Amino acid sequence: MIRKFKKSDLWEIIRIEKKAFPKSPYNRFIFLHYASAYPDNFLVYVEDEGTQLNKIVGYIIFYPEGHIVSIAVHPAYRRRGIGTELVAVVLKRTKGKASVEVRDSNEVAKEFYTHLGFSLRTIIPEYYGDEDALVMVRTGTN
Ligand SMILES: CC(C)(COP(=O)(O)OP(=O)(O)OC[C@H]1O[C@@H](n2cnc3c(N)ncnc32)[C@H](O)[C@@H]1OP(=O)(O)O)[C@@H](O)C(=O)NCCC(=O)NCCS
């Protein structure tokens, strides 16, 4: 199930973050900032909610208008539709509109967003310092 982030999720989120973005993981201050500034827009995917496991396996942070700040799924839980479900919450709130910056080298993310109906809008040179960002945008009402 998908629910809002709670402070007690923090360490599990950081564990996922380090696996997902080993070069530049967000730290706890960044996550706590988003949790405080956008409490409705920092969501976690919980596997086996209600059982003893209760494991966080993914998260998404987005701005209210649909800009995705970050999304990650634990490597052991990928290709099961969890990322799609997380983005679907955003799209439901924004009538299908969303945008995101993606590292040029992140082929998986490019495939993922293309699969979800995003397309390349522009490129921001050296957005990540060492790398360009692709700005991918989804328009439409579905
Ligand atoms: C990108 C990410 C969130 C996708 O999460 P996920 O739960 O595995 O995605 P889904 O299972 O919903 O995949 C949906 C579709 O995206 C595409 N896709 C996802 N992973 C892919 C991969 N490794 N290779 C090719 N296509 C892929 C496929 O079209 C897939 O549909 P299919 O499985 O029916 O073929 C996950 O790979 C991740 O956490 N990556 C590291 C962090 C990251 O790069 N985040 C994005 C930064 S902008």
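Everything discussed here concerns the structure shown above.
In this text the structure is predicted, and so the values were computed from the model without any measurement.

Novice: Sorry if this is basic, but what is going on with the side chain of E17 here?
Specialist: By the element assignment, E17 lies in helix α1 (residues 10-20). Apart from the residues within four sequence positions on either side, E17 is in contact with P22, S24, P25, Y26, F31, Y59 and S70.

Novice: How should the site of the ligand be read in this particular structure?
Specialist: Taken together, 20 residues lie near the ligand, and V73, R79, G83, T84 and N106 sit nearest. For the ligand, the accessible surface in isolation is 920 Å², of which the surrounding protein chains cover 79%. Comparing atom positions with the cavity grids shows the ligand to sit within the largest pocket. Breaking the shell around the ligand down by element, the ones donating at least two residues are β4 (67-73), α3 (82-94) and α4 (107-115). Element by element, the count of residues in the shell around the ligand is highest for α4, at six residues. When its residues are assigned to classes, the shell around the ligand shows 10 nonpolar, five polar and five charged.

Novice: Help me understand the packing of aromatic side chains, please; the structure alone is not making it clear to me.
Specialist: Each aromatic ring pair is specified by the distance between its two centres and by the angle formed by the two planes. Counted under the stated rule, the structure contains 12 aromatic pairs. With 5.4 Å between their ring centres and 90 degrees between their planes, F31 and Y59 make a pair best called edge-to-face. Here the residue F31 occupies a position in helix α2 (residues 28-37), and Y59 occupies one in strand β3 (residues 55-62), the gap between them amounting to 28 residues. With a relative accessible area of 0%, Y59 lands in the buried category. An aromatic cluster is present here, built from F5, Y26, F31, Y34, Y38, F42, Y59 and Y63 joined pairwise through their rings. If you follow R103 out to its NZ or CZ, it ends over the ring of Y128, 4.5 Å from the centre.

Novice: I tried to follow α2 on my own but got confused; where do I start?
Specialist: Working note: α-helix, 3.6 residues per turn, so residues spaced by three or four point in the same direction. Of the residues making up α2, those classed as buried are F31, Y34 and A35. Along the axis of α2, the buried positions cluster into a sector of 100 degrees, meaning they face one direction only. For α2, the exposed residues lying more than 90 degrees away from the buried face are F29 and S36. Residues of α2 that are buried sit in contact with α1, β2 (42-47), β3 and β4. In this structure N27 caps α2, since a side-chain oxygen of it lies 3.0 Å from the backbone nitrogen of F29.

Novice: How should I be thinking about the environment of Y63 in this particular structure?
Specialist: Structurally, Y63 is set in the loop between β3 and β4. Judged by its relative accessible area of 23%, Y63 falls in the partly exposed class. For the pair formed by Y63 and K4, sequence separation is 59 residues and the distance between their alpha carbons is 14 Å. In contact with Y63, other than residues within four places in its own chain, are Y34, Y38, N41 and V69.

Definitions and limits used
- Residues numbered from 1 in each chain as written.
- Predicted model: local features only at pLDDT ≥ 70, side-chain atom pairs only at ≥ 80, totals over all residues.
- Heavy atoms only, no water.
- Helix = DSSP H or I, 4+ residues; strand = E, 2+ residues; numbered from the N terminus.
- Contact = heavy atoms within 4.5 Å.
- Near = heavy atom within 4 Å.
- Areas by Shrake-Rupley, 256 points an atom, 1.4 Å probe, with all protein chains shown as cover.
- 1 Å grid on protein atoms, 1.4 Å probe; cavity = no way out; pocket = protein on both sides within 12 Å on 5 of 7 lines; lining within 4 Å.
- Sits in = over half its atoms within 2 Å of the grid points.
- Nonpolar A, V, L, I, M, F, W, Y, C, P; charged D, E, K, R; others polar.
- Phe/Tyr/Trp six-rings, centres within 6.5 Å; stacked < 30°, edge-to-face > 60°.
- Buried < 20%, exposed > 50% of the residue type's maximum accessible area, 1.4 Å probe, protein only.
- Lys NZ or Arg CZ within 6 Å of the ring centre and 35° of its normal.
- Arc of directions from axis to C-beta.
- Polar contact = N/O pair within 3.5 Å; in protein donor to acceptor, adjacent residues only side chain to side chain.

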